[in-house]
Amino acid sequence: MWMQTTGIVTLFACGIVSHVKSKSMSISLETSARPEDLPLNIPHPCSWTAPNGDKYDFSPFERVKDYVIRSSTPNAGENLYYYNFCRGVETRVGRETDPGYGCREGIDAGCQYDNRNNADDYYSLGLLSTAKWSAIEGGVQIHYTKGSNRWETRNRELFVHLLCLPEGSAAILGPARLITSMGPWAYEINISSHLLCPNQTPPAPTPPPPPPPPGSIASCADELLRNPDARDGNYKLWCNGHDFEYYCAGMQTGSPNAYVSLSPTALNTTSRYTGADKQTVETHFTKLRVDPCTLHVDMLDRTFSTSVGRRVAGNNIIDWEPLGIAGSCVAPASPGCGSSVTGLIDLSGTPFAIKSTSQFTLQGYLPCGSAQYRGQTLELKAEGFCGWISVEGFVYDPERGVGRNASSAWLLELTKHVDPERQH
């Protein structure tokens, strides 16, 4: 069946619009209230074999916290959608306490947060136990039914499309939207990655890290304890099997931090945003703050950065941008993303690369753009009215100048760079 949809479509790559043709779709006509006596922790498979023999494994995408997907439907207000692989969503309860509202861990497959007009409500988008799998063009569809009842007319349903991208392409999460041609109870989430392609070999379990050598130093603070006269400079740190050299800054303050020094021969690592006032702010980074034990990067640290330009954002004057941001609010996205603002993270000359699970997503209104990995370099392009691209889950609205939430600043993750030519 061809499923017609309206509203803003999902952009999986610059200038490319993906339409999904379903080879098999079973639409439930359930109108009964949600069952309240279901057992917790209903098994939800992480793998599936299509009728043609293609095998899919979704376990690399499972994580403790839910994925957060923004709505792409016009006038949707502050709608957010939550989804997780293999386990269902976390328990979420809003202001409304009626049993028809809220999402329950181990029971609900997807969850919608609706804060239009300060509603502060959560709705189930379907039960784990109702999952129906089918092959669609480019990937797999999972159809969930028996979600929250919308205005007592019909229970909500969720169509999750897991789509295959070519090797090397950056994963794209969402956006989500209402399927207006089906009714106000049907919702769609699109997730695209090369890890969602069939017949993929699951990654081998990560072996436990080797024990650190005697007297090893795990942090800049450890080095300061070992040598109270230590000055800012390069030090070898060992933690969780990671053995790299970092620049320790702030040694004389008593609270030093570790940084990765970017190569002077690499391209400028730059975040860039052009606001509605047509003024552009650029921030250039020469060192990135890193947690040596987790290899996560603090996107809000600008100790070693310089910025050019100023712009007005809401009631704020913005004169710097966080790491990993690109976008604009000058005009609706042009065909082919021809006016995209470009950002860059270049780790060439360092022992690091950006981990592929650090997913970058398009956000805002009428966004267009892409995230392209090229070895140790990540190029970000985005535009819109207003539209931008950043790490999925990073709390920041560059046009209103709000967010920059410290709790979400550590979502960008590095990994050890492996030179493909040395693998042979």
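Structure's up top.
Just so it is clear, the model here is predicted, and its values are computed rather than measured.

Engineer: So what's going on with the overall build of the chain? Residues and values would help.
Structural biologist: Helices and strands together make up the secondary structure of the chain, namely one helix and 35 strands. Considering the chain as a whole, with its 424 residues, one finds that 50% of them fall into the buried category. A sequence separation of at least 24 residues applies to 62% of the contacts in the chain between residues at least 6 apart. When the accessible surface of the chain is totalled, it reaches about 19,700 Å², and 52% of it is carbon and sulfur.

Engineer: Account for the state of the cysteines, naming residues and giving values.
Structural biologist: Going through the model one piece at a time under the given rule, you end up with five disulfides. Linked covalently through their sulfurs, Cys164 and Cys197 form a disulfide whose S-S length is 1.9 Å. One disulfide, between Cys164 and Cys197, carries an S-S torsion of 85° and so falls in the right-handed class. Here Cys197 lies in the loop between strand 15 (186-193) and helix 1 (220-226) and Cys164 lies in strand 13 (residues 157-164), a separation of 33 residues in the sequence. Each disulfide pairs two cysteine sulfurs, and for Cys220 the partner residue is Cys248, the sulfurs being separated by 2.1 Å. What sets the handedness of the Cys220 and Cys248 disulfide is the S-S torsion sign, and at about -85° it is left-handed. Residue Cys220 is located in helix 1, and its partner Cys248 is located in strand 17 (residues 242-249); the two are separated by 28 residues in the primary sequence. Note on Cys220: relative accessible area 3%, which makes it buried. With a relative accessible area of 0%, Cys248 lands in the buried category.

Engineer: Before we move on, could you go through the packing of aromatic side chains and cite the residues and values that matter?
Structural biologist: The final tally for this structure, using the stated rule, is 16 aromatic pairs. Look at Tyr113 and Tyr122: their rings are 4.8 Å apart centre to centre, the planes differ by 35°, and that puts the pair in the tilted class. Assessed through its relative accessible area of 14%, Tyr113 is described here as buried. With a relative accessible area of 13%, Tyr122 lands in the buried category.

Engineer: Before we move on, could you go through the side chain of Ser328 and cite the residues and values that matter?
Structural biologist: By the element assignment, Ser328 lies in strand 26 (residues 326-328). Given a relative accessible area of 5%, Ser328 falls into the buried group. When near neighbours in sequence (up to four residues on either side) are disregarded, Ser328 contacts Tyr273, Thr274, Val341, Ala382, Glu383, Gly384, Phe385, Cys386 and Gly387.

Engineer: I'd like to hear about the sheet that holds strand 22 (residues 296-297), residue by residue, with values.
Structural biologist: Remark on secondary structure: sheet strands pair via backbone hydrogen bonds, oriented parallel or antiparallel. Read across the sheet, three strands follow the order 22-35-28 without closing on themselves; strand pairing throughout is antiparallel. Either end of the sheet is taken by a strand with one partner, and the two such strands are strand 22 and strand 28 (352-354). Pairing analysis gives two bridges linking strand 22 to strand 35 (residues 412-416), with the strands arranged antiparallel. The residue bridging Val297 from the neighbouring strand is Leu412, located in strand 35.

Engineer: With reference to specific residues and values, describe the pairing of strand 9 (residues 132-136).
Structural biologist: Side chains on a regular strand alternate between the two faces of the sheet. Of all five residues in strand 9, four are buried, a share of seventy percent or more. Bridge count between strand 9 and strand 10 (residues 139-144): five bridges; the pairing is antiparallel. Within strand 10, the residue paired with Ser134 across the bridge is Gln141. Here strand 9 hands over to strand 10 after two residues, with Gly138 in that stretch at a positive phi of 90°.

Engineer: Any details on the pairing of strand 31 (residues 377-383)? Residues and values, ideally.
Structural biologist: Extensive coverage of strand 31 is indicated by the burial of five of its seven residues. Bridge analysis of strand 27 (residues 341-346) against strand 31 gives six bridges, and the strand direction is antiparallel. By the bridge assignment for strand 31, Asp346 is matched with Thr377. Pairing of strand 30 (residues 368-374) with strand 31, which is carried by seven bridges, proceeds in the antiparallel orientation. Looking at the pairing, Ser370 lines up with Lys381 of strand 31. Here strand 30 folds back onto strand 31 in antiparallel fashion, the turn holding two residues, of which Gly375 has a positive phi close to 65°.

Engineer: Explain the nonpolar core to me, using residue names and the numbers behind them.
Structural biologist: The biggest cluster of nonpolar side chains holds 43 residues, and the ones touching the most others in it are Tyr246, Phe360 and Leu412. Filtering out sequence-adjacent residues up to four positions away, Phe360 remains in contact with Ala171, Ile172, Gly324, Ala371, Tyr373, Leu378, Leu380, Ile389, Ser390, Val391, Glu392 and Leu412. Tyr81, Tyr83, Leu162 and Leu178 belong to the second-largest nonpolar core, a separate cluster that totals 30 residues.

Engineer: Residues and numbers for the sheet that holds strand 13, please.
Structural biologist: One open sheet holds the five strands; their spatial order is 9-10-13-15-14, and the pairing between them is mixed. The outermost strands of the open sheet, each flanked by one partner alone, are strand 9 and strand 14 (172-178). Within the sheet, the average angular offset between the axes of one strand and its neighbour, ignoring direction, is 20°.

Reading the values: rules and limits
Residues numbered from 1 in each chain as written. Predicted model: local features only at pLDDT ≥ 70, side-chain atom pairs only at ≥ 80, totals over all residues. Heavy atoms only, no water. Helix = DSSP H or I, 4+ residues; strand = E, 2+ residues; numbered from the N terminus. Buried < 20%, exposed > 50% of the residue type's maximum accessible area, 1.4 Å probe, protein only. Contact = heavy atoms within 4.5 Å. Areas by Shrake-Rupley, 256 points an atom, 1.4 Å probe, with all protein chains shown as cover. Disulfide = S-S within 2.5 Å. Phe/Tyr/Trp six-rings, centres within 6.5 Å; stacked < 30°, edge-to-face > 60°. Pairing = 2+ DSSP bridges. Core = buried A, V, L, I, M, F, W, Y, C linked by side-chain atoms within 4.5 Å. Axes fitted to C-alpha atoms, helices over the stretch in contact; angles between N-to-C directions.

Structural measurements only, silent on function.
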